[in-house]
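This is what each chain is made of:
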Amino acid sequence: MGGLQRFSRAASLGALSLFALTGTGQSEPAQDRILTPAQIERDVALAQKVYETVHPGYTRYSSAEQLHSAWQSVNIAAAAEDGLSLGTFYVEASEVLAEIRCDHTKAELPDTLAEARKTDPVYLPFQWEMIEGRGFVTLTNAASGLQRGDELLAIDGQPLSERIEEILPLIPYDGLTEWTRPAQVAISFEFRGGGLDHFGALMYETLPTAELTIKRGEDDPATVTVERVTYPDWLALGDGKTGARNFKDAVRFERIGDDAAYLAVDTFVNYRVPVNPATIYDPVFQAIKDEGRDTLIVDLRLNGGGSDDASRGLIARLIDTPAPFMRDIRVKTLDLSDVKEHLWTWDQNALAPDPRGFTQNPDGTYSLRPEISPSLQELTPPDTAFRGQLILLTSRNNSSGSTHLLSFIKAQNPNAILIGERTGGSAEGATAGILFTLTLPESGIKMRVPAMQSFVNNNGFEFGYGMSPDTVVPETVQSFLAGDDPALDAALALIESSRERDPVVLK
């Protein structure tokens, strides 16, 4: 960890708050509230206890000793500085959680800081993307004077690469898929704008304006000053490379010539504005069947996962024979009595699970009985299920449920072709399912605690990794600037060449 070194830096910068620098005379920002070493120690002890007790993948990729040392480093930092600011404690806690290497294990801002993001202009007025280690603007407001394709070189005199390296340790990722981290530094609704703004507002001097070094095309680098915006203003920029936020808006279907089709599903999140997945999928797959289309491109590149019902609905329409999606779903404990007063979840029954719904395993964990979870039951393909040549487009944005789908489909249909980038997530299965929210009483920081570990019904996986495409086609700076889509182009070229060699015949 970089805890002690970054703590001292963060603490000193935290004192240079927006209000102090602008001299508005307003009260001290919530992020600068000091927590005593004793308060920090109590919150750390509770967090460590909950994760050790509840998280089924707590020591999946890091040892108990490593994680204990990480927790204690926060206490050491607090003692050395005679306390930590709330913002600094949040940053330090986030780094500890990242050590668990589970993308569902992360800290949320306490309510006071989350509310401040609605009124305090701490966000850069654009969205951007990391491509080949470089940052490029994708969406911006008119007032900034920036354009799509502008390269971001420095922020307030600090090289972008240096700032990214300081933020990367705070970004969670699954297993050994560390290459997915830069994408979340750039943009992530999970982190209220992406790590650069989310953590940067707590780690660096934040004035109402930012001085940027920008390179446009072949021009020499130039310095521009932009007005920072609030989180609602940042959201108003649009979805950019993140795609739709809700499943009901995430499905796009296009016909390709006479025989092929393209289907994009940008998210499986179906809990904010829930719909019956069949109402979305059925018209698409009925049209594919009625029109005799024998090749289907399924584009999941913007899909990070979401709800099981939306992913299962798609899976059922991409397989030939009935099969369960998951072979096992486990929890670490059924006894939450010591910690449940600090936990919340949308399904309160999860805080006092009925033992009759589980069977105990030799290692002391508990497996969910198949009759309890649809994911453990056989998925039966409907009459409209697609049975032709299947091509799936992948990216580093894939995680959780989208990686599970890719893992399962590839196991069920070895002839399915994956084109694109290496994914995040776990091909074996994630620690997710029900997520508890732990609220630390002293700081108000909220932490997500996965309650379940799933095991995809597949024939094998590489421990710690997601899925690797059959044909690697990464996004490049050249393709981004030209507005090209090399992965989709590769899929279309494959379809054209296969037509010439051997026409696809529906089963």
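Scroll up for the structure.
Residues numbered from 1 in each chain as written. Predicted model: local features only at pLDDT ≥ 70, side-chain atom pairs only at ≥ 80, totals over all residues. Heavy atoms only, no water.

Provide a residue-level description of the overall build of the protein chain, including the pertinent values.
The number of helices and strands found in the protein chain is 16 helices and 23 strands. Computed over its C-alpha atoms, the radius of gyration of the protein chain comes to 24 Å, within 12% of the 23 Å expected for a compact globule of 507 residues. For the protein chain, the C-alpha atoms occupy an extent of roughly 70 × 65 × 35 Å along the three principal directions. Out of the 507 residues in the protein chain, the part that is buried amounts to 56%. Sequence-distant contacts, at least 24 apart, represent 76% of the contacts inside the protein chain between residues at least 6 apart. Side-chain charges in the protein chain split into 44 positive and 71 negative, and the spacing between the mean points of these groups amounts to 4 Å. (Helix = DSSP H or I, 4+ residues; strand = E, 2+ residues; numbered from the N terminus. Rg over C-alpha atoms; globule rule 2.2 N^0.38 Å. Buried < 20%, exposed > 50% of the residue type's maximum accessible area, 1.4 Å probe, protein only. Contact = heavy atoms within 4.5 Å. Lys, Arg positive; Asp, Glu negative; His and termini not counted. Charge placed at Lys NZ, Arg CZ, Asp CG, Glu CD.)

Go over the sheet that holds strand E12 (residues 295-299), please, and point to the residues and values.
Backbone hydrogen bonds hold the strands of a sheet together, and the pairing may be parallel or antiparallel. Spatial ordering of the open sheet is given by E10-E11-E12-E19-E20-E23, a layout of six strands whose pairing is mixed. The two strands at the open ends of the sheet, each matched to only one other strand, are strand E10 (251-256) and strand E23 (471-472). In terms of strand pairing, E10 meets strand E11 (residues 260-265) through six bridges, oriented antiparallel. The residue bridging Ile256 from the neighbouring strand is Ala260, located in E11. Sitting on the sheet, helix H14 (residues 400-412) touches strand E19 (389-394) and strand E20 (417-420), and the angle it makes with E19 is about 150°. (Pairing = 2+ DSSP bridges. Axes fitted to C-alpha atoms, helices over the stretch in contact; angles between N-to-C directions.)

How would you sum up the side chain of Ser426? Please name residues and give values.
Here Ser426 lies in the loop between E20 and strand E21 (431-439). Taking the relative accessible area as the measure of exposure, Ser426 reaches 3% and is therefore buried. From its side chain, Ser426 meets the backbone nitrogen of Glu428 in a polar contact 3.2 Å long. Separated by 3.1 Å, the side chain of Ser426 and the backbone nitrogen of Gly429 make a polar contact. Apart from residues lying up to four places away in sequence, Ser426 is in contact with Arg60, Tyr61, Thr403, His404, Tyr465 and Gly466. (Polar contact = N/O pair within 3.5 Å; in protein donor to acceptor, adjacent residues only side chain to side chain.)

Give me unusual backbone geometry: which residues, what numbers.
Backbone geometry at Arg192 places phi at a positive 45°, although glycine is not the residue there. Residue Arg192 is classed as partly exposed on the basis of its relative accessible area, which comes to 25%.

I'd like to hear about the packing of aromatic side chains, residue by residue, with values.
Taken as a whole, this structure holds eleven aromatic pairs when the rule is applied. Aromatic side chains Tyr123 and Trp234 sit 6.4 Å apart centroid to centroid with 35° between the ring planes, which places their arrangement in the tilted category. Of this pair, Tyr123 sits in the loop between helix H6 (111-116) and strand E4 (126-131) while Trp234 is found in helix H11 (residues 231-235), placing the two residues 111 residues apart along the sequence. Both residues of the pair, Tyr123 and Trp234, count as buried. Relative to Tyr465, the ring of Trp179 lies with its centre 6.0 Å away and its plane at 15°, an arrangement referred to as stacked. (Phe/Tyr/Trp six-rings, centres within 6.5 Å; stacked < 30°, edge-to-face > 60°.)

Can you tell me about the pairing of strand E22 (residues 446-456), naming the residues and giving the values?
Counting buried residues in E22 gives ten out of eleven residues, a clear majority hidden from the surface. Sheet topology note: the strand E3 (residues 107-108)/E22 ladder contains two bridges and is antiparallel. When the bridges of E22 are listed, Ala107 appears paired with Met447. Bridge analysis of strand E14 (residues 326-331) against E22 gives four bridges, and the strand direction is antiparallel. Each residue of the ladder has a partner; that of Met326, found in E22, is Val456. Across seven bridges, E21 lies against E22 in antiparallel orientation. From the neighbouring strand, Phe436 faces E22, where its bridge partner is Val449. Connecting E21 to the next strand, E22, in antiparallel fashion are six residues, including Gly444 with a positive phi near 80°.

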